[in-house]
Amino acid sequence: MMNNHDLGAALYKTWSPAQRRDEIARLVEGFRSGLPVGILCKMAETIAGSRKAARKYLQDMLTPLERQSAVDRETGGMQTIAKQFLL
């Protein structure tokens, strides 16, 4: 039985690096259109397979100004999470 809380992690594990990169690129475009940074980070981590890999993808796809701006807009725990992924 599949865990309903895995956000598709089982499926993403079968994807090639190119498929993962393309999907994270779509998330980044969604973020630029208003997707919350928390969703961006969590979904990127799930798709990439680890926080470290997600961080690499996000840092490659977002400009330093976009990343800093995203962190500055957040407060509390969400700001801490955004820093871990984006800075």
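Residues numbered from 1 in each chain as written. Predicted model: local features only at pLDDT ≥ 70, side-chain atom pairs only at ≥ 80, totals over all residues. Heavy atoms only, no water.

**Student:** Please explain the overall build of the chain as it appears in this structure.
**Tutor:** When its secondary structure is counted, the chain shows 6 helices and 0 strands. Here the C-alpha atoms of the chain give a radius of gyration of 13 Å, agreeing with the 12 Å that 2.2 N^0.38 yields for 87 residues. Its C-alpha atoms put the chain at 40 × 25 × 25 Å along the principal axes. Residues classed as buried in the chain amount to 33% of the 87 residues present. For the chain, restricting intrachain contacts to residue pairs at least 6 apart in sequence, the fraction spanning at least 24 positions comes to 60%. Accessible surface, the chain: about 5400 Å² in total, of which carbon and sulfur atoms supply 57%. Taking the average location of the 13 positive side-chain charges in the chain and that of its 9 negative ones, the two points are 6 Å from each other. (Helix = DSSP H or I, 4+ residues; strand = E, 2+ residues; numbered from the N terminus. Rg over C-alpha atoms; globule rule 2.2 N^0.38 Å. Buried < 20%, exposed > 50% of the residue type's maximum accessible area, 1.4 Å probe, protein only. Contact = heavy atoms within 4.5 Å. Areas by Shrake-Rupley, 256 points an atom, 1.4 Å probe, with all protein chains shown as cover. Lys, Arg positive; Asp, Glu negative; His and termini not counted. Charge placed at Lys NZ, Arg CZ, Asp CG, Glu CD.)

**Student:** Sorry if this is basic, but what is going on with the nonpolar core here?
**Tutor:** Across soluble globular proteins, nonpolar side chains have a tendency to be buried as a group. In terms of nonpolar packing, the biggest core is built from 23 residues, with I24, V28, V37, L40, L58 and L86 touching the most fellow members. Elements supplying a minimum of two residues to this core: helix 2 (17-32), helix 3 (37-48), helix 4 (51-61), helix 5 (64-73) and helix 6 (76-86). It is helix 3 that contributes the most residues to this core, 7 residues altogether. Those residues in contact with L86 that sit more than four places away from it in its chain are V37, R55, L58, Q59, L62, R67, A70 and V71. (Core = buried A, V, L, I, M, F, W, Y, C linked by side-chain atoms within 4.5 Å.)

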